[in-house]
Every structure is written in structure tokens, then in C-alpha cells.
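Read off the chains here:
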Amino acid sequence: MTSFVYSGDYTREISFPLGGIGTGCIGLGGNGRLIDWEIFNRPNKGSYNGFSHFAVRVQRGDEVIDARVLNSDFLGSHMGEPERNAFAGFGFGPSRHTLAGMPHFRDATFTGTFPLARLEFGDDTFPGQVSVNAFNPFIPLNDHDSGIPAAFFEIEVCNTTDEVLTYGVAGTVANPLPGPQVHRVTRDGEGCALHLRSNGVEEHEIGYGELTLATDTADTAAQRYWFRGGWRDNIEIYWRDLTTPGPLPERSYPEAAAGDGNHGTLMAPLCLKAGETGRVRFVIAWHFPNCERYWTKGAEENDCGCATGECSQKKSWRNYYATLWADSAASAAYALTEWNRLERDTRLFRDTLFTSTLPVSVIDAVSANISILKTPTVLRLEDGTFYGWEGCCATAGCCEGSCTHVWNYAQALPFLFPNLERSMREADYRYNLRSDGGMPFRLQLPMGAPRSRFRPCPDGQLGGALKVYRDWKISGDTNWLRSLWPAVKASLQYAWSADNEDRWDPERTGVLHGRQHHTLDHELFGPNSWLTGFYLGALKAGAEMAAALGEEDTAEEYRALFERGRTWVEANLFNGDYYGQQIDLKDQRLIEAFDKDGEALGHYWNVEHGEIKYQIGAGCAIDQVLAQWHADLYGLGEIFKRARVRSALAAVYRHNFKPAMRIEANTWRLFALNDEAGVVICSWPKGVRRPAIPLPYAPETMTGFEYAAAGAMIQNGLVEEGLTVVKAVRDRYDGRRRNPWNEIECGSNYARAMASFALLHAFSGFSFDMTRGMIGFRPVVSGDFRGFWSLGQAWGELGRRGQKAHISVHYGQLEVKELQLAAAASVIEQSGVGVQFTLKDRGTIVLEQAAVLNSGDELSIAFS
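A quick note: this is a predicted structure, and the numbers were derived from the prediction, not measured. (Residues numbered from 1 in each chain as written. Predicted model: local features only at pLDDT ≥ 70, side-chain atom pairs only at ≥ 80, totals over all residues. Heavy atoms only, no water.)

Enquirer: Would you mind showing me how to read the overall build of the protein here?
Expert: Broken down by element type, the protein carries 20 helices and 41 strands. Taken over the C-alpha trace, the protein has a radius of gyration of 28 Å; the compact-globule value for 864 residues is 29 Å, and the two agree within 12%. Its C-alpha atoms put the protein at 85 × 70 × 50 Å along the principal axes. Out of the 864 residues belonging to the protein, those deemed buried represent 62%. Each charge class in the protein was averaged separately, 84 positive and 105 negative side chains, and the resulting centres sit 3 Å apart. (Helix = DSSP H or I, 4+ residues; strand = E, 2+ residues; numbered from the N terminus. Rg over C-alpha atoms; globule rule 2.2 N^0.38 Å. Buried < 20%, exposed > 50% of the residue type's maximum accessible area, 1.4 Å probe, protein only. Lys, Arg positive; Asp, Glu negative; His and termini not counted. Charge placed at Lys NZ, Arg CZ, Asp CG, Glu CD.)

Pasting the structure below:
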């Protein structure tokens, strides 16, 4: 297998998500199958939709000489899946819905450069070459076109023979809705569309939906319904129809007899001369407009056990995409009409990212995980607000609420679609902030529903202030900051509020001492650099935001608290190698201080060993300087002493990176096995006391944590170490053992994995502050460099070659007033015209007049 190209056994686990942001998706399997139909407002892993597929037949004159489904050899269990159905599942062979028993191609090569995929089918016995190009628009800053509820397919056929052949390219979609099913065909003179719906569900009902299969190819034949019958009649007659010369026979049924389980097919002709190539475009569009809060209807209905039990009645809302397109016919028509522009802009983004000079494993990690934005992990509410699960269970979202401490790590959305990220801040501070300033870490749906009753957590709540700071700097919109500031300020001051039941810092020491819930699902008791780092970062960011809004007294208060806390941390939590937790594990009083009816004591006190459970103690934790990763990404400056940060990260690599997991004792979830490498959450080096029952998940390898640690290593000069970590993660997702486009943690498509996006900034040294029109980069590697960048209004490429650098805009508009570069400039030009500037210091360049860069414009800089 070469980079981004998968073949043979390495296609086994592939499911490439095709769908819009907040629309759900269909998976393109590594062998060409259409799998994981997750378009019904919830996850649906391992699913199929009847016999939905693409196929091609070959006709010479009046004779059909070949026909194949566009699949390669089946790589699943030949014994069958462990289903519970009678006469199906294990012991009955693969499901017939896999189409593994139908004529197909011997092999396929899958090239995945998200957001585009290409399948090339191979078989010497087939008279021609067939490929599938698939995508859904992914255009940074354009959430409208990146949110179309559709999957785009272009089937490409090359006639490799020496005679004229007619290829019929067929698309089939099953109707997944209850009966009576109604299929209709529409034509617009250039193309053809097959619409599938049910007359058994009203438009306002939760189960309502419909699908459209459409093509823009003229002379497309349409078969509204497959043959209806018992046993295996439908696919038997379908194959007979497909392999009979001429157009597919029309077939219709009265509504009363239509029933359910129906399929429909469109087939477009390509008459190709020897050596000629032809293409057919298909769109599968869907419209399931009505969402419900299914996960609180009863825990028995949620196989994750995530129900909160707070809602006594069913609540529902409409998908945002349903406010943009009236139905699937409308979104399919838009997709086909705008295809060329949508594909052009999507390819421009893909090419800008993939032609960067970053290491292959980094591009792989970044591109693979932005796919999470196209999966059921993501929702968009009726007003466009972005909302996310942590990940996906098989048939339900996993861990609701745009979980603040998980989404802290996700760095893709704020840079690629910043307006969507800002909508998360607005929703949290409007609906999730309590009157005392505490903020539960799970926002409840629909908006305005009762808040979660669980206590706030410092990494989530204080991380929120850091994210507001970041989003302000990305947008440059101080009015937006002003609108949120009272709520942000209240959430910060909750740390020392008398109403804070966890007593984080009642004495205003700048250090968290009390009970601290966190993303590893338990509490830490006592000071630690990980969670106090969020406190310090929030105070430093808060001081700058307060000053920008004219609240200098507040800013000074936060600065003083930051300095006090930082001084204590450096004096008490650094052991000469790394930062730890200050705690006496034998001191039961730490738990008793927060006990109610013995609940906390029973959960956290290890009676047999006489110590507190679930703590770090003297261990080396992967996230011990996580706040510095955030600060360096956002231009916030030092949280911890820089030399100690580097030492701590070197210790994480030395102690927590495991070259092979087979000799490690992992009693938790198994995300790395055998000869696979990874960074564990916490380790206790030789000679250091390990708690009898330590921090939860300590021996796990979770990719979002690993990417954040790797990025921090790269930011701090440990480039090879960081790259080793990134490569170890991506080697685990090789298509053979795991899906390259589904990094797992608490479920599939896990949001925390979008920490990988920050690797772009770690390598380029990307800096920004749109409040003053500043953009810059200082690559951590020497020599020529080229990379992708994206901010609030534009995206493009930045690079360095020899004694020159450039910042190009490929999309949108960027106003630049200041540049931060690694060397002094001698000449600056905008599209060949000189730009006047002054050097503030060696690397800081202030333009005398703001440069406005539109799509296609470039600033070029020559160094002295």
C-alpha cells in the first residue's frame, strides 16, 4: 500500500463518508459497496439499504457480452455475520445484500484523499476499464455547499477494446421507507430522476423522508420498480433485465400493490469508440427533515446508555438542510446543476492540502479526521446552530451535548467553518450557563430544554474561555466578543465563587485545589498542571479580552491571579522531569470534604489499599501541558516555563510512547494491539509509585490525546518525536485493521480526533490575529515549505522557497495589515505591485496600507 492508496486486504475496513455537514452520510466501501446508510438522523453502522449499488453492462450490437456490479471481491466473513435472524447470519454465509454472489470485478484500488475518493476496478476479463469518483462538496468557509444532503458519484468507463461498444451504467437505490411505497420518474430534457417516498408517513412525522437518484445524462432509461414477488424474485428478474439488450423495461404498480422493499434503477448509455472514455454522473440525495431526541425516550432504547432521563416527553426539531432544500429532488437538482463549480472548489481545497510539503502521515491525519464533520457525529439545528455528539455508537449518538471537554481538542471546525464554531459558543453561553456561573458540559436538546444536572468540569468550562479567545482572534469581531463577554466573565469567576460546590479555588490562589471533574470521566482531588493549566490559560485569555473591552480593572485582576497561580505551579508541581499532581493518596479527608451520604467515599476510597482511587499522583500524564498547546495555537504566549514544557513533553514521549502494545497491560478499551504503537494516557516511570487503582483509561491509546501531544512536541522542537507519534496512530488505521476515515474512542468518528488539524499549524508555525489584521508563519523545519491555511474570511496557501515567501488566497478575501515571519523582509509585492512597509522588529512587518487579497491574489516577500 502506498500513501492514500489502498488495495487488496487493505480495503477491508474502509467506509468513506459521503454527505453534507449535519446531513448524515452514506459510506463508500473499500470494494465499492454502498454501506453505512446513516441518513436517518442517527448512526447506522454496518447497515445496507437493500441492494443499492452501481453496475455496468457491455453491449456489442444487439448482444450483451458482460455485466458486473461495481464491487470487487468480498473481504468480510465468509461464514456470515453474527446476526440473530432465522436463516441468516452466521452459518449462512455472507448476506446476499452484499452482492458478493453477483458478477463483479476481481479487485479494486481505493484512493482516498478526503474529501474525494476514487475506485479503480481491475479484471482482465472485462472489456474496458471502470472507475468511480465520489465526493460531497467540502469547501472551507462555505457551509451551505458543504452541507448538501447528497452523495456525488461519477462513473468513468474507458473502452480498451478495438471495437465500438455501448456501456450501460446503472444506479440502483432501495426504498427504505414503510409501505405503501411510491416511486416516480421525472425528466428535464437533459437528465432523469427517480424519487422514492412512502405514502404511509405524513410530512410532519418523525419517520418521514424520501430519496432521489438522479443523473444529468440524456437518454437515461428508468425502471421505477423492480419486479415484485416472493423468495429471491426481485434480484433474479433485475439481473435478467440488466443483461437483456436494450433499455430497462418500464414497470409500475398501483399504490395498493406497491408494498415495501422496492428498488428502482436508472441506466445511462455510453456509446464509446475504441480507446474512448465516457462518464456518467449520479447523485443520491435524501431528505429526512424531522429529528427527535430519541436518546431520552428511555435508556432501553439507547444502546449506549447515554439517556439522561430529563425529558418527560418527546421533543423534535427540523434539520437545517431542510430549510435550504424543499426535498431530495431539490437538493439533487442543485447538486447536478452546480456540480462543476462544487467539484472545482472541492478539488482546489484538496489539492492545496495534499500538495503541501508536510510529512505524508500529517496530511493523512489531518485529511482523514476532517471527515468527522460529514458523519452523524454532527447535527445542525433548524437555525443553523452546530451541535455534536462525542462520537457514534452503532445505532445511536454516543455522549450528547457538544461535550465541552471533548470538543476542546477539535481544531478543524474553528478554522475551516468558523461561523459554525462560533454558533457552538453562542449556544453554550446562552442556554447552558447557570445563574451562578457554572456551566454543565453537555448542552441539552432542543435548545431551551432543562440543563444537565451534572456538575461543571474545569477543563470544559475554562476551555470555553480559551475557545472564545481563539474564535475572536480568528474572526476579528470584537462586537461578537462583547456580546458573549458577560457570560464568559461569569463562567471564569465561577472558579472562586462561593456557589461553586466543587470549591475549585475559593481563596483565589490561581490554582485548582478542589474536586475537579474532567474528560476522563472522574474527579481529581488536589492541584495538577493539566486542569490548573486550563485555569491559567483562561485567566490569561480573559485578561486580554477584558482589556480589549475596556475593563482594565478586571484585566489586572486576572493577570495578577494568573501570575500567582503560575508561580505556585512552577514551584510545586514540576519534579525536575515533568509536571504531576500534588496529592496524599492516603488522605481520606480529601474525599470526605465533598461527600454526600457516603456516595463519593464509596466510589473513590479503596478500602483494601487505604488510598484514593482514580488519581495521577506522581504519574506522567499525556495532557499535563495541554493548556500550552492551546496557548501556542492561539497566540496566547507562555502558560508554563518553556524549557519545562519541552522537558515534560520529552518525558511523555520517553515514558508514555509504547513501540508495541503486546507487552503492555491494558485493562481498558483496546485501541492498539500487538505490534501497534501509541501513546498511553498516563504512565508511572520506574521508581515512581503507581496508585493501586489509577487514573481511568491510563493504558489506552486515544488518538485525539495523541495528536495534541504530538502537536505540542512539534511546537516545542521535538519534531521527530511528534512525527513518530502521528505515524504510529495512522499506521493503526491502515484499512486492513481499522477504517482510515473513522478513528475511534468512545464510539466511531470521534470528535476529539480533530485535534489532528492543529498539526498543520504546528509545522507551519501559523500565527493570526484578525483583530489587527495579522497573519504569519514560521515553519519548524528548514528548507522549502508549502502549506494550507484558513481563517475567518479566506483560505489559501503559504510557503517559503529560498529567500522568498508567499501568502496566497485561493478562496474568499483577506485583509492584511501585519505579517509575522521568520526573517526581515526587503521587498513585498501584491500581485507584482510593490507594497510599502516598515519593520517593527526582525520578523514583524507592518504594512503602511492594508493589503486586500481576493481569490487568486498573492503577497510575495523577499528576505534581505
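Enquirer: Just to check I follow, could you spell out the nonpolar core for this structure?
Expert: Proteins that are soluble and globular tend to have nonpolar side chains buried together. Ranked by size, the top nonpolar core spans 232 residues in total, and within it L28, F153, I155, W789, L819 and I828 carry the most contacts. Not counting residues up to four positions away in its chain, the partners in contact with I155 are F54, L70, V130, S131, V132, V169, G278, R279, V280 and F282. Among the nonpolar cores identified, the runner-up in size contains 14 residues, and F51, A67, W239 and L248 belong to it. (Core = buried A, V, L, I, M, F, W, Y, C linked by side-chain atoms within 4.5 Å. Contact = heavy atoms within 4.5 Å.)

Enquirer: What exactly am I supposed to notice about the sheet that holds strand β11 (residues 165–174) here?
Expert: Strand pairing in a sheet takes place through backbone hydrogen bonds and is either antiparallel or parallel in direction. Spatially, 5 strands are ordered β6-β5-β11-β16-β15 in an open sheet, and the strand pairing comes out antiparallel. Two strands bound the open sheet, and with one partner strand each, they are β6 (63–69) and β15 (221–223). Between one strand axis and the next, the sheet turns through 20 degrees on average, direction left out of account. Note that β11 and strand β16 (residues 263–272) share 10 bridges and pair antiparallel. Within the sheet, the bridge partner assigned to L165 lies in β16 and is L272. (Pairing = 2+ DSSP bridges. Axes fitted to C-alpha atoms, helices over the stretch in contact; angles between N-to-C directions.)

Enquirer: Quick question: what am I supposed to make of the pattern of salt bridges here?
Expert: Side chains that differ in charge, positive against negative, can pair when their charged atoms come close. Per the stated rule, a full pass over the model turns up 53 salt bridges. The salt bridge involving D345 is made with R344; its shortest N-O contact spans 3.1 Å. The exposure class of R344 is exposed, given its relative accessible area of 52%. One salt bridge connects E556 with R559, and the closest N-O pair in it is separated by 3.1 Å. One end of the pair is E556 and the other is R559, both in helix α13 (residues 552–572) and 3 residues apart, which spans about a single turn. For R559, a relative accessible area of 31% gives the class partly exposed. Because the salt bridges share partners, they merge into one network encompassing D675, E676, D734, R736, R737 and R738. (Salt bridge = Lys/Arg side-chain N within 4 Å of Asp/Glu carboxyl O.)

Enquirer: Explain the pairing of strand β9 (residues 129–135) to me, please; I cannot follow it from the model alone.
Expert: Working note: regular strand, side chains alternate between the two faces of the sheet. In terms of burial, β9 is a largely internal element, 6 of the 7 residues being buried. Pairing geometry for strand β8 (residues 116–122) and β9, over 6 bridges, is antiparallel. Bridge assignment links A117 to a residue of β9, and that residue is A134. Two strands pair when backbone bridges link them, and β9 and strand β10 (residues 150–158) are joined in this way by 7 bridges, in the antiparallel orientation. If you follow V130 over to β10, its bridge partner there is V157.

Enquirer: What is the right way to read the packing of helix α16 (residues 626–634) against helix α18 (residues 703–715) from this model?
Expert: When two helices pack together, you describe them by how their axes are tilted relative to each other and by the distance separating the axes. In contact at an axis separation of 9 Å, α16 and α18 are set at 60 degrees when each is read in the N-to-C sense. With respect to α18, the element α16 is oriented oblique. By crossing handedness, the relation of α16 to α18 is classed as left-handed. Mapping the contact onto sequence places L626, W629, D632 and L633 in α16 and A708, G711, A712 and Q715 in α18. For the contact of α16 with α18, the class distribution of residues is 5 nonpolar, 2 polar and 1 charged. (Parallel < 35°, antiparallel > 145°, perpendicular 65-115°, else oblique. Left-handed = near helix turned anticlockwise from the far one by under 90°. Nonpolar A, V, L, I, M, F, W, Y, C, P; charged D, E, K, R; others polar.)

Enquirer: Looking at this model, I keep getting lost on unusual backbone geometry. Mind explaining?
Expert: Excluding glycine, residues mostly carry a negative phi; peptide bonds, for their part, are mostly trans. With omega at 20 degrees, the peptide bond leading from F114 into P115 counts as cis. Its location among the elements puts P115 in the loop between β7 (107–113) and β8. Following L445, the chain continues into P446 via a peptide bond in cis, with omega recorded as -10 degrees. Tracing the backbone shows P446 in the loop between α9 (418–432) and α10 (458–475). At L141, a position not held by glycine, the phi torsion is positive, near 75 degrees. Take L141: it is sitting in the loop between β9 and β10. Owing to a relative accessible area of 19%, L141 belongs among the buried residues under this scheme.

Enquirer: How should the packing of aromatic side chains be read in this particular structure?
Expert: Geometrically, a pair of aromatic rings is defined through the distance of the ring centres and the angle of the planes. A full pass over the atoms with the stated rule returns 46 aromatic pairs. Of note, R738 hangs over the ring of Y733, and the distance from its end group to the ring centre comes to 5.8 Å. (Phe/Tyr/Trp six-rings, centres within 6.5 Å; stacked < 30°, edge-to-face > 60°. Lys NZ or Arg CZ within 6 Å of the ring centre and 35° of its normal.)

Enquirer: What exactly am I supposed to notice about the pairing of strand β4 (residues 34–38) here?
Expert: The element β4 is largely enclosed, with a buried count of 5 among its 5 residues. In this sheet, β4 lies alongside strand β3 (residues 25–29) in antiparallel orientation, the contact comprising 3 bridges. From the neighbouring strand, G27 faces β4, where its bridge partner is I35. Between β3 and β4, which pair antiparallel in sequence order, lie 4 residues; one of them, G32, sits at a positive phi of approximately 105 degrees.

Enquirer: Before we go on, may I ask you to explain helix α19 (residues 719–732) in this structure?
Expert: In an α-helix, one turn spans 3.6 residues; hence positions three or four apart end up facing the same way. In a regular helix each residue adds 1.5 Å, so 14 residues correspond to 20 Å; α19 covers 20 Å between its end C-alpha atoms and thus fits that length. By the burial criterion, the buried members of α19 are V719, G722, L723, V725, V726, A728, V729, R730 and R732. For α19, the secondary structure elements touched by its buried residues are α6 (360–370), α17 (642–656), β29 (657–658), β30 (678–679), α18 and α20 (758–764). (Expected span 1.5 Å × (residues − 1).)

Enquirer: Looking at this structure, I do not really get the side chain of T98. What am I missing?
Expert: Note on placement: T98 falls in the loop between β6 and β7. Since its relative accessible area comes to 8%, T98 is described here as buried. A polar side-chain atom of T98 sits 2.7 Å from the main-chain carbonyl oxygen of S95. Apart from the residues within four sequence positions on either side, T98 is in contact with R33, N71 and F74. (Polar contact = N/O pair within 3.5 Å; in protein donor to acceptor, adjacent residues only side chain to side chain.)

Enquirer: How should the environment of L821 be read in this particular structure?
Expert: Tracing the backbone through its elements, the reader meets L821 in the loop between β36 (804–820) and β37 (825–830). Put simply, L821 and R455 are 366 residues apart on the chain and 44 Å apart in space, counted from C-alpha to C-alpha. When sequence neighbours within four positions are dropped, the list of residues in contact with L821 reads F777, R778, G843, I845, I861 and F863.

Enquirer: Before we go on, may I ask you to explain the confidence of the model for the protein in this structure?
Expert: Low-pLDDT stretches of the model should not have their predicted coordinates read in fine detail. When the pLDDT values of the protein are averaged, the result is 95; 97% of them are 70 or greater. Low confidence marks residues 299–313, where pLDDT is under 50. Its contacts with residues over four positions away, or in another chain, come to 32 contacts. (pLDDT = per-residue confidence, 0-100.)

Enquirer: Can you walk me through the environment of A326 in this structure?
Expert: Mapped onto the elements of the fold, A326 is located in the loop between α3 (321–324) and α4 (328–337). C-alpha of A326 to C-alpha of P289: the two residues are 37 residues apart in sequence and 9.4 Å apart in space.

Enquirer: Is there a simple way to think about the sheet that holds β3 in this case?
Expert: Strands sit in the order β2-β3-β4 across an open sheet of 3 strands; the sheet is antiparallel. Strands at the two margins of the open sheet, each flanked by one partner only, are β2 (15–18) and β4. Recorded for the sheet is a direction-independent mean angle of 25 degrees between the axes of neighbouring strands.

Enquirer: Looking at this structure, I do not really get the state of the cysteines. What am I missing?
Expert: Every disulfide links exactly two cysteines, by a covalent bond between their sulfur atoms. In this structure the tally under the stated criterion is 0 disulfides. Counting only cysteine sulfurs, C746 is the nearest neighbor of C398, a cysteine outside any disulfide, at a range of 3.4 Å. (Disulfide = S-S within 2.5 Å.)

Enquirer: Would you mind showing me how to read helix α12 (residues 529–548) here?
Expert: For α12, built from 20 residues, the straight-helix expectation of 28 Å at 1.5 Å per residue is met to within 8% by its first-to-last C-alpha distance of 28 Å. For α12, the tally of buried residues reaches 16 of 20 residues, placing the bulk of the element in the interior. Directly beyond the C-terminal end of α12, a positive phi value near 85 degrees is found at G550.

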